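# Commentary on secondary and tertiary structure
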Amino acid sequence: MDIVVHEAQPDTAVLECSGRLNMVSAPAFREAVAQVVADGRARVVVELSGVEFMDSSGLGALVGSLKTARQAGGDLRIAAPSEQVQMVLQLSNIDKILRTYPDGDSAVTDW
């Protein structure tokens, strides 16, 4: 999985992810979110249009990262999930907890 971090605002980071969010890549994803939160950007947008596959480990990484962001006084939002990712979010009802946006810009401007 590739993760590119963009600073959208001084306290907001957009993580553009591509590849597979699974058992192998979930620890690196969690670390990336923890790092941007530690750097003072507790509002995190995770752009998932390039993620072609996500399993339960990836889902756990998203929920754990949401907790990390909220403990720092921020939040985590999902932007542009691929069809497979959207299906996993809906089947697990996590789409009720994690707010989903059509793109990263709309997730950032809604704060």
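Notes on the structure follow. None of the values given here were measured: they were computed from a predicted structure.

Cut-off values and rules
Residues numbered from 1 in each chain as written. Predicted model: local features only at pLDDT ≥ 70, side-chain atom pairs only at ≥ 80, totals over all residues. Heavy atoms only, no water. Pairing = 2+ DSSP bridges. Helix = DSSP H or I, 4+ residues; strand = E, 2+ residues; numbered from the N terminus. Contact = heavy atoms within 4.5 Å. Axes fitted to C-alpha atoms, helices over the stretch in contact; angles between N-to-C directions. Buried < 20%, exposed > 50% of the residue type's maximum accessible area, 1.4 Å probe, protein only. Right-handed = clockwise from strand over helix to strand, strands pointing away. Salt bridge = Lys/Arg side-chain N within 4 Å of Asp/Glu carboxyl O.

### Let's talk about the sheet that holds strand S4 (residues 75-79)
- Within the open sheet, the five strands sit side by side as S1-S2-S3-S4-S5. Their pairing is mixed. On the outer flanks of this sheet lie strand S1 (2-9) and strand S5 (100-101), each paired with one strand and no other.
- In the packing of helix H1 (residues 26-38) onto the sheet, contacts are made with S1, strand S2 (12-21), strand S3 (43-54) and S4, and the angle to S2 comes to roughly 175°.
- With respect to the sheet, helix H3 (residues 83-91) is in contact with S3, S4 and S5, its orientation differing from that of S3 by roughly 110°.

### Let's talk about the pairing of S2
- For S2, the buried fraction is high: seven of the ten residues fall into the buried class.
- In this structure, S1 lies alongside S2, joined through seven bridges in antiparallel fashion. What sits directly across from glutamate 7, in S2, is alanine 13.
- In this antiparallel pair of consecutive strands, S1 and S2, the connection spans two residues.
- Examined bridge by bridge, S2 and S3 share nine bridges and lie parallel to one another. Residue pairing in the sheet places leucine 15 in a bridge with valine 46 of S3.
- In the classification by handedness, the crossover that spans S2, the intervening H1 and the parallel S3 is right-handed.

### Some thoughts on the pattern of salt bridges
- This model, assessed by the stated rule, comprises eight salt bridges.
- In this structure, the salt-bridge partner of arginine 43 is aspartate 11, at a minimum N-O distance of 3.1 Å. One end of the pair, arginine 43, is in strand S3; the other, aspartate 11, is in the loop between S1 and S2, and 32 residues separate them in sequence.
- For aspartate 11, a relative accessible area of 32% corresponds to the partly exposed category.
- Across the salt bridge formed by aspartate 39 and arginine 41, the nearest N and O atoms sit 3.6 Å from each other.

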